[in-house]
Amino acid sequence: MLTRAIGGVTAALLLGAAGVLVTPDAGSGSALPSGDAAMRSMAVVRPAATSTSGPYGLHPADIADAYGLTGGVVGATVAVVIPYDTPTLESDLAVYRSRLGLPACTTANGCFQKVDQNGGTSYPTTDVDWSTEASLDVDAVSAACPACRILVVEAANNGTIALGTAVNRAATMGAAAVSMSWGGSETSSSGYWQSRFFTHPGVALVAATGDDGYQPASFPASLSTVIAVGGTTLSSTSASGAARQDSGARGAIRVSNGDASAASALTAPQEHLVALARAKAELAKATTRSASAAKSAASAKRAAATAQKRLTTARTALKKAVSRAKHHPSATARHAVKKAKATASARQKAARKAASTAAARKRTATTAAKAVRTLTAAVAAAQAVVDQDRKTAADPIADPPVVANPPATTAPPAPPAPALPTVRSTWMETAWSGAGSGCSTATAKPAWQTDSACAGRTVADLAADADPQTGIAVYDTFGTIAAGYTDDGWMVAGGTSLAAPLVAGMLVRSGHAADYSDASRLYARAGSFWDVTAGANGVCGGSVVCTAAPGYDGPTGVGTPKSLDSF
């Protein structure tokens, strides 16, 4: 393990199949003006090799499938505000989009634009750590909204003043939404910063809530004019998606105050639920294949019977032709015999071919039916494990021995049923243990937020995939290679730095970004989101501020998008 300082924050780096939290502070050793506050990146990355099927990590098609993303507006702009310059950002984005099947997004075709915080091309100094964040942001926007334009506004440093100036610039340059994958502690100046930089009616300001779990709310996500995006663990239950996630090696780390700790992972009962969901998905596919194979075998059997019938007819015709030629020899009779022989020979070949096809399809159908029986047994076994998990969770103490004529007693109340992950189709979600949530001490409770968990504003408002163990594939040659994270630039990235640009892209793609000057519309449409009801990001006495539950909760807000119609 190698440790290295990142702008004053000591980060632990596990090479190979591990991960590193990108938490750059001032970057390049720059000093911030008096009264300014440094923001941190909210990204968690881990190196990941590529395979014949593409880079490990979720691909744009996976994100579209998980969140029902189809159609949507074309050509609207998502802005990414980031400190420092990434010289390779456009070329790296070109590799990412080309490799993962997305249309080109370049300066030349008008899709990509990069400016400094003043709207020009006097780019700031470079910083390899923040460049990893920049690559994650533009790749995540691309995954959520392939037809969106991308505007990157590079702030001079990672202070609130420079970043806020860049946010203002993005809004004046026509961005429909601004993605902010950075944050810091609230201060007494939060209200002042809100009025100066983070109030843009008709523009959706989207911020990451942080990767340290349940903590005091992070700025600027805690502002009432900002949409705060928490995080989930998004697990694929399909074979292809699971392979890309499982092959990306467990063991990414998070770093907080210089101490490395293990990144979140599914509990054993949750792993059992994933296994059950995957087994059911495979059974469903096998059942479909078996039905198709049985139908094909039946069709081939009918075709073989028809061919045999045609052969019998041809042989009967040949016998009659031979008999006529024998009793009434002539050139015409001999020609009729020759023609009948050719027909019978051709139909014999056709009958043999049809019989062979029928036999092959019967074998395929038999194999498919056997697979269904095997998978049915596997589903039953996986279900038994899940049922046992639920029984253990509900009654962790073994049943007492049976006593004849026991005295009358009052039965204790049944314990609450254990929370289960949100499962739909080929995906399941739980609250990510690193997702930032908490109570604001600087922002009053908005009228549209009615939970009782916090006296002030509660963070987050909604969520999307953030767990680095279930993150997306990202390509960055400037940061990852320069810092020694990877050899080829590919990595798997997560953190709420992933969730924020995903949501920004979805919002713009939905065509409703202008309706999100704050998060009020989310709460009015809460029923349109997947309700994430399992998982926690800290200890808070069971309060929803750190525990996923039916309805609103801090780690995941109102939930995750079902489709663009959610917005």
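Residues numbered from 1 in each chain as written. Predicted model: local features only at pLDDT ≥ 70, side-chain atom pairs only at ≥ 80, totals over all residues. Heavy atoms only, no water.

1. Notes on the nonpolar core
Where a protein is soluble and globular, its nonpolar side chains tend to be buried together.
No. 1: Judged by nonpolar contacts, the single largest core of 101 residues is most densely connected at V178 and F198.
No. 2: A per-element tally of this core places helix α10 (residues 496-510) first, with 9 residues.
No. 3: Sequence-distant contacts of V178, defined by excluding residues within four places in its chain, comprise A79, V81, V167, A170, V203, A204, L205 and V206.
No. 4: Ranked by size, the runner-up nonpolar core spans 8 residues in total, among them A325, V337, A340 and A344. (Core = buried A, V, L, I, M, F, W, Y, C linked by side-chain atoms within 4.5 Å. Buried < 20%, exposed > 50% of the residue type's maximum accessible area, 1.4 Å probe, protein only. Helix = DSSP H or I, 4+ residues; strand = E, 2+ residues; numbered from the N terminus. Contact = heavy atoms within 4.5 Å.)

2. Things to note about the pattern of salt bridges
No. 1: Scanning all chains against the criterion turns up 5 salt bridges.
No. 2: K114 is the partner of D85 in a salt bridge, and the nearest nitrogen-oxygen pair spans 2.8 Å. Of the two residues, D85 is situated in the loop between β8 (77-83) and α2 (89-99) and K114 in strand β9 (residues 112-116); the sequence distance between them amounts to 29 residues. Taken as a pair, D85 and K114 share a single burial class, namely buried.
No. 3: In this structure, the salt-bridge partner of D451 is K445, at a minimum N-O distance of 2.9 Å.
No. 4: The class for K445 is partly exposed, based on a relative accessible area of 24%.
No. 5: Taken together, the salt bridges that share partners define one network made up of D85, K114 and E154. (Salt bridge = Lys/Arg side-chain N within 4 Å of Asp/Glu carboxyl O.)

3. Re helix α3 (residues 128-144)
Side chains that are three or four residues apart share a direction in an α-helix, a result of its 3.6 residues per turn.
No. 1: End to end, α3 covers 25 Å across 17 residues, agreeing with the expected 24 Å (1.5 Å per residue, within 8%).
No. 2: Among the 17 residues in α3, 16 count as buried, and that is most of the element.
No. 3: By the N-cap criterion, in which a side-chain oxygen at the helix start approaches the backbone nitrogen of a residue two or three places on, α3 is capped by D127, the distance to D129 being 3.1 Å. (Expected span 1.5 Å × (residues − 1). Polar contact = N/O pair within 3.5 Å; in protein donor to acceptor, adjacent residues only side chain to side chain.)

4. Considerations on the confidence of the model for the chain
No. 1: The predicted model of the chain has a mean per-residue pLDDT of 83, with 77% of residues at 70 or higher.
No. 2: Counted against residues more than four places away or in other chains, residues 247-266, with its pLDDT under 50, gives 61 contacts. (pLDDT = per-residue confidence, 0-100.)

5. Some thoughts on the packing of aromatic side chains
No. 1: Applying the stated rule across the entire model yields 10 aromatic pairs.
No. 2: When the ring of Y192 is compared with that of W193, the centres are 5.1 Å apart and the planes differ by 55°; the resulting orientation is tilted.
No. 3: Taking relative accessible area as the criterion, Y192 reaches 46% and is therefore assigned partly exposed.
No. 4: Taken together, the ring pairs connect Y192, W193, F197, F198 and F219 into an aromatic cluster.
No. 5: Sitting over the ring of Y123, K114 keeps its end group 4.3 Å from the ring centre.
No. 6: Its end group placed over the ring of W530, K562 keeps NZ or CZ at 5.1 Å from the ring centre. (Phe/Tyr/Trp six-rings, centres within 6.5 Å; stacked < 30°, edge-to-face > 60°. Lys NZ or Arg CZ within 6 Å of the ring centre and 35° of its normal.)

6. With respect to unusual backbone geometry
No. 1: That bond from F219 to P220 is cis: its omega, 10°, falls within 30 degrees of zero.
No. 2: Mapped onto the fold, P220 is located in the loop between β14 (218-219) and β15 (227-236).
No. 3: Between V459 and the following residue, A460, the backbone shows a cis peptide bond with an omega angle of 25°.
No. 4: By the element assignment, A460 lies in the loop between β21 (456-459) and β22 (462-465).
No. 5: Backbone geometry at Y84 places phi at a positive 70°, although glycine is not the residue there.
No. 6: For Y84, a relative accessible area of 2% puts it in the buried group.

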